[in-house]
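Each chain is listed here by its residues.
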Amino acid sequence: MAEQVEPESIGVLQRVLSAAGVHGLANTVWGYVDKTIRWCWIPNWLPSWCPTSKIQLQASEEKMLQYVSTAFTKEFVPISNGNLLWTLSFCSDHVKDKTPIVLMHGFGGGVGLWAQNLDELSQQRPVFALDLLGFGQSTRPVFPTDAAEAEEQFVESIEEWRASVGLESMILLGHNLGGFLALSYSIQFPGRVKHVVLVEPWGFPDRPETSDSDQLIPVWIKALSAMFSPFNPLASLRLVGPLGPTLVQTLRPDFKKKFSSLFSDNTVSEYIYHLNVQSPSGETAFKNMTGPCGCAKRPMLQRIDQLHPDIPISIIYGSRSSIDSISGFTVKKMRPRSHVEIIMIRGAGHYAYADHPEDFNHRLLDVCDKVD
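Being a predicted model, the structure only gives us computed values, none of them experimental. The numbering scheme is per chain: residues are counted from 1 as the chain's sequence reads. With pLDDT at 70 or above as the cut-off, local features in this predicted model cover only qualifying residues; side-chain atom pairs require 80 or more to be listed or tallied, and sums for whole chains, interfaces and linings still use all residues. Hydrogen atoms and water are omitted, and side-chain values are computed over all heavy atoms in the structure.

S.K.: I keep staring at helix α16 (residues 357-368) and nothing clicks. Help me out?
M.R.: Every α-helical turn comprises 3.6 residues, leaving residues that sit three or four positions apart pointing alike. Helix numbers and strand numbers start at the N terminus; a helix is a DSSP run of H or I with at least 4 residues, a strand a run of E with at least 2. Residue count minus one, scaled by 1.5 Å, sets the expected span of a helix. With 12 residues, α16 extends 16 Å from end C-alpha to end C-alpha; this agrees with the ideal 16 Å at 1.5 Å per step. Only protein chains enter the accessibility calculation, which uses a 1.4 Å probe; a residue whose area is less than 20% of its type maximum is buried, one above 50% is exposed, and one in between is partly exposed. Residues of α16 that are buried include every one of Pro357, Phe360, Asn361, Leu364, Leu365, Val367 and Cys368, and no others. Around the axis of α16, the buried residues are gathered within 150° of arc, so they sit on the same side. Think of it as the arc spanned by the lines of direction from the helix axis to the C-beta atoms.

Have a look at this one:
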């Protein structure tokens, strides 16, 4: 009987191991665990440890987008290696000849988080919103462990997506990780970008030097940090299994407030949960691109001089964000002969586009007015 047990029936423990995103560790340990527990019958009717599925993610996204009134299409755009990028497309006849805006979400995000921006932006020009490779409903492949190679796979996927959709050029907007990738793409493919908009971008400053305060951190805390460093940022969300949805609602009640004009229930937290308990593909890539202090291993400020001087940059910050705007002003100082604009959204935090969507939309459309 033990030899006939299918992998699915003993997948619960394997999912717990891989849920942390420690694929190498999970695969190594699993070889031993698999042989050790095959004598023990585990019923195949046990539910998934995390109460999620691709269908539930799709349904939660549809709820996020239910109040978008402008007509749009949804499709999986094919790129190389059988990968697909989930894409929303808005292109009314009266704006089809204008340069489109391409929206790229941040770490742990997805296209549904633009729900309060899509209607207004799409009245002025075509709008495309995509789930980055490894996130949302897009394919979740295995990324290289090397930071440069992982970044390159992200950037190549964006270029392949552009070619597949048939865009000649675009206004490329990225939030958080999406901002980092937007600038990386613009450096490599300058002819395809008419304006790059960075919203609270991640990964710009160098790693800060060790300060006196760092040396005051107790040894036991440093040991715990080192012990958990192999794990992905959102591993705990998957490890708590069925408690995950409640955990999101408890730890991030601010998301409900950000979208309170649309939803009074847990629609947003449910969407965020389903986004981040699927296979941690893009999450693992992000971790491999991140240093011990949360900074990028390949900081963008070290490469900003490689961006073509004719490409204008607008950098949007929330005035109440924990992200320091110093990097934006550093970019402006480093490009004295190029257009660099710093925009502050008053009263907004890191998710400026959701905190004050009307102000954000207005300021972004002002930026876009300078582009054909």
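Next, the rest of the story.
S.K.: Just to check I follow, could you spell out the side chain of Arg303 for this structure?
M.R.: Counting through the fold element by element, Arg303 comes out in the loop between α13 (281-288) and β7 (313-318). Only heavy atoms matter for contacts: two residues are in contact if any of them lie within 4.5 Å across the pair. Non-local contacts of Arg303, meaning those with residues more than four positions away in its chain, are made with Glu151, Phe180, Ser184, Ile187 and Arg298.

S.K.: Looking at this structure, I do not really get the environment of Asp254. What am I missing?
M.R.: With respect to the helices, strands and loops of the structure, Asp254 is situated in helix α11 (residues 254-258). Exposure remark for Asp254: the relative accessible area of 28% places this residue in the partly exposed category. Considering only alpha carbons, one finds Asp254 and Asp355, 101 residues apart in sequence, at a separation of 9.4 Å. Polar contacts involving the side chain of Asp254 include one to the side chain of Arg252, which spans 2.7 Å. N or O atoms closer than or at 3.5 Å make up a polar contact, with two conditions inside protein: a donor-capable atom paired with an acceptor-capable one, and, for residues adjacent in sequence, both atoms drawn from side chains.

S.K.: When you look at the sheet that holds strand β5 (residues 170-175) in this model, what are you seeing that I'm missing?
M.R.: What holds strands together in a sheet is hydrogen bonding between their backbones, with the strands either parallel or antiparallel. We treat two strands as partners when DSSP finds at least two bridges between them. Taken together, 8 strands build an open sheet; the order of strands is β1-β2-β4-β3-β5-β6-β7-β8 and the sheet is mixed. A strand with exactly one partner marks an edge of an open sheet, and here the two such strands are β1 (73-78) and β8 (340-345). Recorded for the sheet is a direction-independent mean angle of 20° between the axes of neighbouring strands. As paired strands, strand β2 (residues 84-90) and strand β4 (residues 127-130) are joined by 4 bridges and run antiparallel to one another. Counted as the bridge partner of Ser89 is Phe128 from β4. Note on geometry: axes are lines fitted to C-alpha atoms, helical ones only across the stretch in contact, with angles between N-to-C directions running from 0 to 180 degrees. Along the sheet, helix α14 (residues 326-334) contacts β7 and β8; its crossing angle with β8, the most-contacted strand, is approximately 160°.

S.K.: Sorry if this is basic, but what is going on with the pattern of salt bridges here?
M.R.: Between side chains of opposite charge, a pair can form as their charged atoms come close. We define a salt bridge as a contact between a side-chain nitrogen of Lys or Arg and a carboxyl oxygen of Asp or Glu at a distance within 4 Å. Across all of its chains, the model carries 10 salt bridges by this definition. Residues Glu62 and Lys74 are paired through a salt bridge, measuring 4.0 Å at the closest nitrogen-oxygen approach. In this pair, Glu62 is assigned in helix α3 (residues 54-64) and Lys74 in strand β1, connecting sequence segments 12 residues apart. Here Glu62 falls in the partly exposed class, since its relative accessible area comes to 40%. With a shortest N-O distance of 2.7 Å, Asp355 and Lys258 are connected by a salt bridge. Of the two residues, Asp355 sits in helix α15 (residues 352-355) while Lys258 sits in helix α11, which places them 97 residues apart along the sequence. Owing to a relative accessible area of 22%, Asp355 belongs among the partly exposed residues under this scheme. The class of Lys258 is buried, set by a relative accessible area of 13%.

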